[in-house]
Amino acid sequence: MPAPVRLAAVAVTAAACLGASTVPALAADGDTVVSRGVTIPAFYNPPATLPTANGALVRSEPLPLALSLPGIDGPLPGRATRLMYKSTDSNGRPVAVTGAYIEPSAGWQGTGPRPLVALAPGTMGQGDQCAASLGLEHPLQLNGQTVSVGYEDLAVYRLLAKGIAVVVTDYAGLGATDRLHTYVNRVDEAHAVLDAVRAARSLPGTSLTTASRVALFGYSQGGGATAAAAELQSAYAPDVVIAGTYAGAPPADLTEVTKAIDGSDLAGALGWSVNGFLQSDPALRPIADAHLNAAGRAALDDLSTMCVGDALFAYNSARSTAWTTDGKTISDVTAEPALQAFLDEQRIGTTRPSGPVRLATGTSDNLVPHAQARRLAVDWCRLGGNVTYKPVILPDAGRALINHFAPLLTDQGDAISWLTDRLNGKPVTSACGLLPFQP
């Protein structure tokens, strides 16, 4: 596939980390960036200077929803606005994050003013064309070079139908063209989610008020992001009070998840993970240089601009033993002390979450393993969290990807109903006492 145009910052990182041999031309704010044949709107090029406050709006513009109908009170299901806002990454540095806010046409029938749900997308990929906000505008990107599906649109529309406002984050580096997406970095993702709430609150012309309740919704990568956000809220965003958090299939232990995805339907996620680790911590570059062979460097470079659909076609069932100089797996490489320390820092479950949490995991999920997700519920309960644990019992479908995504669809309605109750101010008692009796 033809190489996409990338910003110099991304290219330098890729060259240093992955041994890339070419560096594309610099794209300044306002210049055109093309990723796998998709022109990224200039809106997504961050400016050189960002605001000081986390969650401060950098810019906004109307976002046309692909699936929209005219209505008496405005377009159905709502009016969307594209956002860029300031956040802080795991190194304490300012970062521009993009996303979208959707004001629903439906009225809120619950108690209090219209509430807000911050939706953290599941795995989209690492190419800028994969961003969830672009998926609202283009639910299917299919041009012979990339396949991107805005599958989170379903959850967004279900929430809007209940009169709940939704803000969607694209995460750091996904959409925004100045860096690689730091895939499954818990701090970057948590900050992006919490700052999305702040950005939505500051957007003029919405029906949100200071009294609007806030909830978090996420599955898979998004489940890890909302879980991390619930843990970091009190320290990072005490002004964002969380009425409830849904964390579905969270990748809480990346050591276990890395083992599971190697050789799976979504083996390409290994490349996104490694690319993200190297973006977050350049000190890990010597480890990559020592262990990656030419095929591994090429795969990581290739995957850095792919969406989920691309990776399913190109790297389905790939094994990382083909990417290393000594035939070790990426999981074997993570035993390196520096890399293991980095992964340990990514562990979710060391801090009590703020507010009630509903944690769901498919008992047959062998892509984001059920056992490590259930252990997160156990860890939170030990820390005194208000946890509702939901094992989604489904038969083994024989394919890891189906085992992982089937619970998303079967449990989504119940998850939204649970969040709606929290946004209505209904209390919920921790169900930690039931955990020993649940799979």
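Source: prediction; values computed, not measured.

Points about the overall build of the protein
If you tally the helices and strands in the protein, you get 14 helices and 13 strands. Taken over C-alpha atoms, the radius of gyration comes to 20 Å for the protein, in line with the 22 Å a tight globule of 439 residues would show. Taken along its principal axes, the extent of the C-alpha atoms in the protein is 60 × 55 × 40 Å. Across the 439 residues of the protein, 59% fall into the buried class.

Here's the deal with the pairing of strand β5 (residues 94-104)
The element β5 is extensively covered by neighbouring structure, given that ten of its eleven residues are classed as buried. In the sheet, strand β4 (residues 78-88) pairs with β5 via eleven bridges, with the strands oriented antiparallel. By the bridge assignment, R79 is partnered in β5 with E103. Counted between consecutive antiparallel strands, the loop separating β4 from β5 contains five residues, among which G92 sits at a positive phi close to 80 degrees. Strand direction decides the pairing type here: β5 and strand β9 (residues 165-172), joined by five bridges, are antiparallel. Bridge pairing in β9 links G99 to T169.

Brief notes about a nonpolar patch on the surface
Residues L140, L142 and V149 make up a contiguous nonpolar surface patch of roughly 310 Å² in combined accessible area. Here L140 is to be found in strand β7 (residues 140-142). Judged by its relative accessible area of 53%, L140 is exposed.

A closer look at the nonpolar core
Residues Y101, L116, V167 and W380 are the most contacted members of the largest nonpolar core, which totals 48 residues. No other element matches the nine residues that helix α4 (residues 186-202) contributes to this core. Counting residues in hydrophobic clusters, the runner-up holds 45 residues, among them C130, A132, I164 and V392.

Things to note about the confidence of the model for the protein
Averaged over every residue, the pLDDT of the protein is 92; residues scoring 70 or more account for 92%. Note that pLDDT drops below 50 for residues 1-27; the model gives that stretch 54 contacts with residues more than four away or on any other chain.

Observations regarding the pattern of salt bridges
Scanning the model with the defined rule gives 14 salt bridges in all. For D253, the salt bridge goes to R375, with nearest N and O atoms at 3.0 Å. Here D253, found in the loop between β11 (242-248) and α6 (254-261), pairs with R375, found in helix α13 (residues 370-382); they are 122 residues apart in sequence, far enough to count as distant. When the shortest N-O distance is used, the salt bridge between K259 and E256 registers 3.7 Å. Of this pair, K259 and E256 both sit in helix α6, three residues apart, which is roughly one turn of the helix. Accessibility expressed as a relative area gives 47% for K259, which makes it partly exposed. Through salt bridges with shared partners, a single network forms among D253, R347, R375 and D379.

A look at the packing of aromatic side chains
With the rule as written, the count across this model stands at six aromatic pairs. On the numbers, 5.7 Å between centres and 70 degrees between planes, the contact of F43 with Y44 is edge-to-face. For the pair F43 and Y44, one class covers both residues: buried. Judged by centre distance (6.1 Å) and plane angle (85 degrees), the ring pair of Y315 and W323 falls under edge-to-face. Since its relative accessible area comes to 13%, Y315 is described here as buried. Here the guanidinium or amino end of R59 rests over the ring plane of F43, the centre of that ring lying 5.8 Å away. Seen from the ring of Y236, R198 lies directly overhead, with NZ or CZ sitting 5.4 Å from the centre.

Things to note about the pairing of β4
Counted residue by residue, β4 has ten buried out of eleven residues, so it is predominantly covered. Alignment of strand β3 (residues 57-63) against β4, held across six bridges, turns out to be antiparallel. Bridge pairing in β4 links L57 to Y85.

Some points on the state of the cysteines
What the rule picks out here adds up to two disulfides. Disulfide partner of C381: C432, at an S-S distance of 2.0 Å. Given an S-S torsion of about -85 degrees, the disulfide between C381 and C432 has left-handed geometry. Of this pair, C381 sits in helix α13 while C432 sits in the segment after α14 (400-423), and the two are 51 residues apart along the sequence. C381 sits in the buried class, given a relative accessible area of 19%.

Brief notes about the environment of L136
Along the polypeptide, L136 turns up in helix α2 (residues 132-137). Separated by 109 residues in the primary sequence, L136 and T245 have C-alpha atoms spaced 23 Å apart. L136 has contacts with L63, P64, L65, A66, A100, I102, D153, V156 and Y157, leaving out every residue within four places of it along the chain.

About the criteria used
Residues numbered from 1 in each chain as written. Predicted model: local features only at pLDDT ≥ 70, side-chain atom pairs only at ≥ 80, totals over all residues. Heavy atoms only, no water. Helix = DSSP H or I, 4+ residues; strand = E, 2+ residues; numbered from the N terminus. Rg over C-alpha atoms; globule rule 2.2 N^0.38 Å. Buried < 20%, exposed > 50% of the residue type's maximum accessible area, 1.4 Å probe, protein only. Pairing = 2+ DSSP bridges. Patch = residues over 30% accessible without salt bridge, like charges linked within 9 Å, V, L, I, M, F, W, Y side chains within 5 Å. Areas by Shrake-Rupley, 256 points an atom, 1.4 Å probe, with all protein chains shown as cover. Salt bridge = Lys/Arg side-chain N within 4 Å of Asp/Glu carboxyl O. Core = buried A, V, L, I, M, F, W, Y, C linked by side-chain atoms within 4.5 Å. pLDDT = per-residue confidence, 0-100. Contact = heavy atoms within 4.5 Å. Phe/Tyr/Trp six-rings, centres within 6.5 Å; stacked < 30°, edge-to-face > 60°. Lys NZ or Arg CZ within 6 Å of the ring centre and 35° of its normal. Disulfide = S-S within 2.5 Å.

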